[in-house]
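# Notes for the structure review
Chain by chain, the residues run as shown.
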Amino acid sequence: MTNLAPATHVTLLDKVRANYTQAILLAGVTLYLPFAYFTASAITPLIFTIGLFLLGHLKSLRVFWPVAVATVALLLLAFVRSDFVDGLMHGMSFAQAAAHDKHKYFIAPIFIWAFIWAVPCAAYNLNERQSERVFKYFSYIMLVLTALLAAEALSHYGLRDWINRAFFKGARPEMVVVRVSDSNFLLLYLFWPLTLYFVARRWTAAIIAMVVTLIGLSIVVDTNSQLLALAVSAAVFFAVKYWPRGLWSRKITPERTMAVAAAAFLLSFIGLERAGVLAKIAPHIGDSWRARFEIWTFAAKKALTHPIWGLGYESSRNFEPRIPEHPHSPAMQAWMELGIPGLIVIAALWFFVFWCLAPKGEGAPPVETTGFVELGAAPAPVSEETEEQRARPYVLAAAVTFFVVNAISYGIWRDWLYTQGAFSAAMMMLSIKAVTQLRKFQY
């Protein structure tokens, strides 16, 4: 008689351990919908809370160590150049220095740093089967958000205005358009992870709906940075998808090219201002861009008063209304507030972001195909590329989206922007694993 191995007894605790991360992520993406629609700029508390329950995954932070180190360096530099440290250096007591500090915002980014990193680390560790479950559910969540934003575009954000009047007594009506615009930004930031999954599922209509909504609502709320980011990311997507084989053979990969280009742009931005290029362009462009160029010109003049070490953390706020909260340029703000070291760190951060996006197991260039392939069609199994390698156009397009928006619209201390970046990175990893799981049943 054949001896049968005894059945393994699975306890309730074993089941909880096996599904804990999946359950936390499912709960998190469920709550993402109301946050994304009603208060997108307050997304940080949600991602912070998700990370709080996933701190055990921080052991995988070593995978992302170059970017993690760059973010730590930026936060530490902000702390060193804060009013608090300046007060201590001038002989103030701890209490006096704390009272002297007009901008205590550095405390929050430093505190939330580890918590938001736990989210992409958890996504990195989740298996393919569970990743497909989470991301499939998340895709439905985002389709609901797309439908809500489409209604805002068609009604000229009338839906949000009605909600504000009906439930919030019309409080701060000027913020209605801002909130709608912020929600559209979140859809934009998640467009490429969702598109990767929708292509695999052959949900072409969903992709079209997202594109039409993004473009339509961007026009309605007059946010040209969203249109620019979508256009540039699409251009990068196709450039990477059809990257010349000659460049592959020279080890000139898309990730390395984008890393150098991003760092060069940030470092050269100051040179363009110093050469007077921005001032010459400003009179010939639209009002929105003209306002940005005027802010950049003014910020550069202030930065030149202390070009080496800068004027100090969050010093941009001291020059309102000429600089409304921040200079709307990470390069200009880093130089103005943190000096040359800040400019170098912000350039290094984006350099590492793009450089580290290269898929594991790099080998030969992608296999060329001839003719047209139907959108969403399963790739021929003759290619030895991994799903991670096939996803590189989507990954780089997503990173470029963040880079473009950050470069022309936000400051470097907007915690919700970086928090959303961590969340989008997590969703991209889940999307790639979800597609990998789907392909197993397509071949």
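Anyway, here's the lowdown on the structure attached to this text. Quick caveat, the model's predicted, so the values are computed rather than measured.

### Quick word on the environment of Tyr157
Mapped onto the elements of the fold, Tyr157 is located in the loop between helix H7 (128-154) and helix H8 (158-167). The spacing of Tyr157 and Leu217 is 60 residues in sequence and 8.6 Å in space, taken between C-alpha atoms. Excluding residues within four positions of it along the chain, Tyr157 makes contact with Glu152, Val176, Val177, Val180, Val220 and Val221.

### A word on the pattern of salt bridges
Applying the stated rule across the entire model yields 7 salt bridges. As a salt-bridge pair, Arg165 and Asp161 come within 3.1 Å of each other at their nearest N and O atoms. One end of the pair, Arg165, and the other, Asp161, are both in helix H8, 4 residues apart, so they sit about a helical turn from each other. For Asp161, a relative accessible area of 26% corresponds to the partly exposed category. In this structure, the salt-bridge partner of Arg317 is Glu314, at a minimum N-O distance of 3.3 Å. Here Arg317 falls in the partly exposed class, since its relative accessible area comes to 22%. Members of the salt-bridge network, linked through shared partners, are Glu387, Arg390 and Arg439.

### A closer look at the packing of helix H9 (residues 176-189) against helix H12 (residues 224-241)
Direction vectors running N to C along H9 and H12 enclose 5°, while the axes themselves pass 11 Å from each other. Here H9 lies roughly parallel to H12, going by the angle between them. Only Ser225, Gln226, Ala229 and Leu230 of H12 make contact with H9, whose side of the interface consists of Ser181, Asn184, Phe185 and Leu188. Split by residue class, the contact of H9 with H12 holds 4 nonpolar, 4 polar and no charged.

Rules used in this analysis
Sequence order sets the numbering: in each chain, residues are counted from 1 along the sequence as written. Side-chain atom pairs in this predicted model are given and counted only at pLDDT of 80 or more, local residue features only at pLDDT of at least 70, and totals for whole chains, interfaces and linings cover all residues. To obtain the side-chain values, all non-hydrogen atoms of the structure were used and water was disregarded. A helix here means a DSSP run of H or I that spans at least four residues, while a strand means a run of E at least two residues long, and both kinds are numbered starting from the N terminus. Residue contacts are defined here by distance: any two heavy atoms, one from each residue, within 4.5 Å place the two residues in contact. We count a salt bridge whenever a side-chain nitrogen from Lys or Arg sits within 4 Å of a carboxyl oxygen from Asp or Glu. Type-normalised accessible area, obtained with a 1.4 Å probe on protein chains alone, sets the label of each residue: buried when under 20%, exposed when over 50%, and partly exposed for intermediate values. Throughout, an axis means a line fitted to C-alpha atoms (over the contacting stretch in the case of helices), and angles, computed between N-to-C directions, take values from 0 to 180 degrees. To sort the angles, those under 35 degrees are grouped as roughly parallel, those over 145 as roughly antiparallel, those from 65 to 115 as roughly perpendicular, and the leftovers as oblique. In this classification, Asp, Glu, Lys and Arg are treated as charged, Ala, Val, Leu, Ile, Met, Phe, Trp, Tyr, Cys and Pro as nonpolar, and every other residue, Gly included, as polar.

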